[in-house]
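# Fold and contact review
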Amino acid sequence: MNEYAVTFTERETAKLLPVEIDTDAIGANEVAGHTLATLISAGTELNSGYLGNNFPRQSGYAAAFKVEKVGENVSGISPGDLAFCPGNHASYQRKPASQVIRLPDNLTPETAVFARMMGVSMTTLTTTSARPPAKILITGLGLVGHLAAKNFQACGYEVYASDPVTSRRQIASETGIHNVLDAVPLENTDLSGQFQLAIECSGHEQALLDAAGAVRKRAEVVCIASPWRRYTDLLIHDLHRLIFFNYVTIRSGWEWELPRQPEDFRTNSVFENFAGALKWLAEDRVNVDNIYTKYDPERCQQAYQDLLHKKTERLAVVFDWTT
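A brief look at the structure comes next. (Residues numbered from 1 in each chain as written. Predicted model: local features only at pLDDT ≥ 70, side-chain atom pairs only at ≥ 80, totals over all residues. Heavy atoms only, no water.)

## A word on the pairing of strand E13 (residues 215-223)
As defined by bridge partners, strand E12 (residues 195-200) adjoins E13 across five bridges and the pair is classed as parallel. Bridge pairing in E13 places Ala 198 opposite Val 221. Between the parallel elements E12 and E13, the chain passes through helix H6 (residues 205-214) in a crossover that is right-handed. With four bridges joining them, E13 and strand E14 (residues 249-252) adopt parallel strand pairing. From the neighbouring strand, Glu 220 faces E14, where its bridge partner is Thr 249. What joins E13 to E14 is helix H7 (residues 236-245), and the crossover it makes is right-handed. (Pairing = 2+ DSSP bridges. Helix = DSSP H or I, 4+ residues; strand = E, 2+ residues; numbered from the N terminus. Right-handed = clockwise from strand over helix to strand, strands pointing away.)

## Comments concerning the side chain of Thr 13
Here Thr 13 lies in strand E2 (residues 13-20). Leaving out residues up to four positions away in the same chain, Thr 13 has contacts with Thr 7, Phe 8, Tyr 50 and Gln 301. (Contact = heavy atoms within 4.5 Å.)

## Observations concerning the sheet that holds strand E1 (residues 2-10)
With antiparallel pairing, three strands are arranged side by side in an open sheet as E2-E1-E4. The open sheet has two free edges, formed respectively by E2 and strand E4 (57-58), since each of these has just one partner strand. Bridge analysis of E1 against E4 gives two bridges, and the strand direction is antiparallel. Note that in E4 the partner of Thr 7 across the bridge is Gln 58. Where helix H9 (residues 300-308) meets the sheet, it contacts E1 and E2, and its direction lies at approximately 145° from that of E2. (Axes fitted to C-alpha atoms, helices over the stretch in contact; angles between N-to-C directions.)

This is the structure:
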């Protein structure tokens, strides 16, 4: 039967197109059902998909759906449940049960999809040597940085978050992030040199350099944002000098550093973090109210254009598939 999926048909062109799927067949270890909400990852989807070179292609990052079919070997999920998965922007989700997590009873689908983006910085939360109540610095208050600030704040860290964009700072302040700055506090003698951890979420090399100059000796600077393009003419010597004389550890914040599923002798896993994020959202430990705009999937082209040209008033776009 025909379902629908957001498809990039050429550069800067997104369309909701029919796709043919078999909704009857279901594997013994699979879960399937119709989509309720999906979340756009503005960084990855825009840069590697919408502005990419290989077409046509489907895209997506996170989905919440109503379970309709459950394989005979699947336990803990039943028809009628609401569930989360790392799914595409499509009207129907079909996934291995290992990639599906049942939603807590009081969690809405449009809120649940943010667990995916929370998971990005939860890898750093799992692997960092910094422990609460340490002061930490977030650079960049796009969606990933915004949720990183809320994740670490929820765990008892003293979080400071900077972004040069006024609207992002305003959203952060209005929605519960405590210490919001317009720049890395290099000249603030009370803060500079006090951060045990800096998480770079902008993908901008000046932000990385500033973060390395603001942390205390033997601290970590973790690069979460992908460096999609070059922004400055900074010399590597400037960063090299800070690494050497400030004894800084600079490392990747690659979210898939953790195993996908729990393993013996490994701390945490990607899907355990997703489950934890869903729980934090359900408990309102991390709140995402008023940080996103809903679009009908039929308006997908407008959604991607608004994100690309920064015409959205909020940080994120959620597709509402219920209509």
